Amino acid sequence: MKLLVIAERKKHIEPFLPAFESKGFEVKYLRILKISLVSKHRATLIKSLGENIPKYDAVFLHARASLAPFVEPLLEEFSSRKIYSNSMPGSYYIGMNEPFKFTTLALGNVPIPDIMIAGSSGGIKTISKNGKYPLMVKALVGKTVQQKVAVNNAKEFEIFLKSIQDNVDAFILHEYDACDVITCAVIGEKVFAVKRKLLSGGVSELKKGKIYKLSDAENGAAIKAAQTCGYDIAQIEMSNGKILDVRPNVNWKVLSEICSENLEEHVAQFFAEKLQKLGVEEGVGDEIGVIKRIFSKTVLGKWLK
């Protein structure tokens, strides 16, 4: 099976290469910034440094959601060519757009905090008098969160409103329970979790977290959140069983160390099982393999076993 690993830096995914090879994959790494899409003669070519990228059975993608404008056309090409990827078309547009992300989660019946989205400061001023505190308030420029603060009362809310810049395009407000945050790595149906303690200035850094055993409800919520946003592999943030964030790029190194798990091996195993379910056979990548797959579905199939 041929697998292409795409990431922003090789150091981010170096341990994955031997993990995939151990599962029988023929692996190649490409830096995402060296890939280009070229459309001509009613066809789109995927190139790296001017050379056509050959057909692969699967792509393991590790990139920030902010790269959506480039990643999404790439995902569409993979989908049209029946190449499996851990991120579905549209997932990166969801990931880079905070309001869209929460709306998508809500429509998917994923547990999230009570939330309000407004296009101006005037639209949220009434909350300062009637809101239930504490609240998390996020100011967005375009689709990116530029400022985020927890406010505990109406006075702190007013101070926040006075501090914001004129170029803010939207606001997100949601209930904020001051408690520990759980960071999860979702790999298909497996979830690995780390608890980050609540401190006076927020929650502790991920590297200071401790391994955490999820409840069945938390485990299900993490998997559903990833799938709803279009990811088979994702990093989830949650608190009190409610989803706070979903992102496609996982902090593999830190989570592996805290969980004492080789998460790269789990990812490689997931890909192997996924491709098996999709009917991709080990070692099949040439014309003989294609012929074999076609005839295996006919009365001649028994002669190919």
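Source: prediction; values computed, not measured. (Residues numbered from 1 in each chain as written. Predicted model: local features only at pLDDT ≥ 70, side-chain atom pairs only at ≥ 80, totals over all residues. Heavy atoms only, no water.)

With respect to the overall build of the protein chain
Heads up, the condition is: A run of H or I in DSSP becomes a helix once it reaches four residues, and a run of E becomes a strand once it reaches two; helices and strands are each numbered from the N terminus. Exposed residues in this analysis have more than 50% of their type's maximum accessible area, buried residues have under 20%, and partly exposed residues fall in between, with area computed by a 1.4 Å probe over protein chains only. Contacts are assigned to residue pairs with any non-hydrogen atoms lying within 4.5 Å of each other. Here the accessible surface of atoms and residues is derived via Shrake-Rupley with a 1.4 Å probe, and residues count as covered only by protein chains that are part of the display.
If you tally the helices and strands in the protein chain, you get 11 helices and 18 strands. By the burial criterion, 46% of the 305 residues in the protein chain qualify as buried. Intrachain contacts of the protein chain at a sequence separation of at least 6 include 61% that bridge at least 24 residues. Carbon together with sulfur atoms contributes 52% to the accessible area of the protein chain, which is approximately 16,200 Å² in total.

Regarding the sheet that holds strand β1 (residues 2–7)
Within a sheet, each strand pairs with its neighbour through backbone hydrogen bonds, oriented either parallel or antiparallel. Short version of the rule: Strand pairing is assigned whenever DSSP detects at least two bridges linking the two strands. For helices, the fitted line uses only the C-alpha atoms of the stretch in contact; every axis is such a line through C-alpha atoms, and the angle between N-to-C directions lies from 0 to 180 degrees.
Spatially, β2-β1-β6-β7 is the arrangement adopted by the four strands of the open sheet, whose pairing is parallel. The sheet is open, and its two borders are formed by β2 (26–31) and β7 (84–85), each paired with just one other strand. Pairing between β1 and β2: six bridges, direction parallel. By the bridge assignment, K2 is partnered in β2 with E26. Set on the sheet, helix α10 (residues 263–277) makes contact with β1, β6 (58–62) and β7; between it and β6 the angle comes to about 145°.

Some remarks on the packing of aromatic side chains
Formally: Note on aromatic pairs: the rings of Phe, Tyr and Trp (six-membered ring only in Trp) are paired at centre separations within 6.5 Å, and the planes decide the class, stacked below 30 degrees, edge-to-face beyond 60, tilted for the rest.
The full count for this structure, using the stated rule, is 10 aromatic pairs. Centre to centre, the rings of F20 and F60 are 5.7 Å apart; their planes meet at 55°, and the pair counts as tilted. Linking F20 in helix α2 (residues 16–22) with F60 in strand β6, this pair joins segments that are 40 residues apart in sequence. Note on accessibility: F20 and F60 belong to one class, buried. Judged by centre distance (5.8 Å) and plane angle (85°), the rings of F60 and F271 are edge-to-face. Taken as a pair, F60 in strand β6 and F271 in helix α10 lie far apart in primary sequence, 211 residues in all. These aromatic residues form a ring-pair network of at least three members: F16, F20, F25, F60, Y84, W252, F270 and F271.

Remarks on helix α7 (residues 154–163)
For the α-helix, the turn length of 3.6 residues means that residues three or four positions removed from each other point alike. Put simply, the rule is: As used here, the arc belongs to the directions running from the helix axis to the C-beta atoms. Two N or O atoms form a polar contact when they lie within 3.5 Å of each other; inside protein one atom must be a possible hydrogen donor and the other a possible acceptor, and for residues adjacent in sequence the pair counts only when both atoms belong to side chains.
Taken together, the buried positions of α7 are occupied by F157, F160 and L161. With its buried residues spanning 100° around the axis, α7 presents them on a single face. Projecting away from the buried face of α7 at angles above 90 degrees are the exposed residues K155, I159 and K162. For α7, the N-terminal capping position is held by N153, with its side-chain oxygen 3.2 Å away from the main-chain nitrogen of K155.

Some points on the sheet that holds strand β10 (residues 144–151)
The four strands lie next to each other as β8-β11-β9-β10, forming an open sheet whose pairing is antiparallel. Each edge of the open sheet is held by one strand with a lone partner, namely β8 (115–118) and β10. The sheet shows a mean angle of 15° between the axes of neighbouring strands, direction not considered. Direction of pairing for strand β9 (residues 135–141) relative to strand β11 (residues 170–175): antiparallel, over a ladder of six bridges. Across the sheet, A139 pairs through a bridge with F171, a residue of β11. Contacting β8, β9, β10 and β11, helix α5 (residues 98–107) runs over the sheet at an angle of about 130° to β9. Relative to β10, α7 is tilted by about 155°, and along the sheet it contacts β9, β10 and β11.

Structural notes on unusual backbone geometry
Residues other than glycine seldom take positive phi values, yet K82 does so here, at roughly 60°. Among the structural elements, K82 can be located in the loop between α3 (68–80) and β7. Phi is positive for N109, close to 60°, though the residue is something other than glycine.

No statement about biological role is implied by the geometric values presented.
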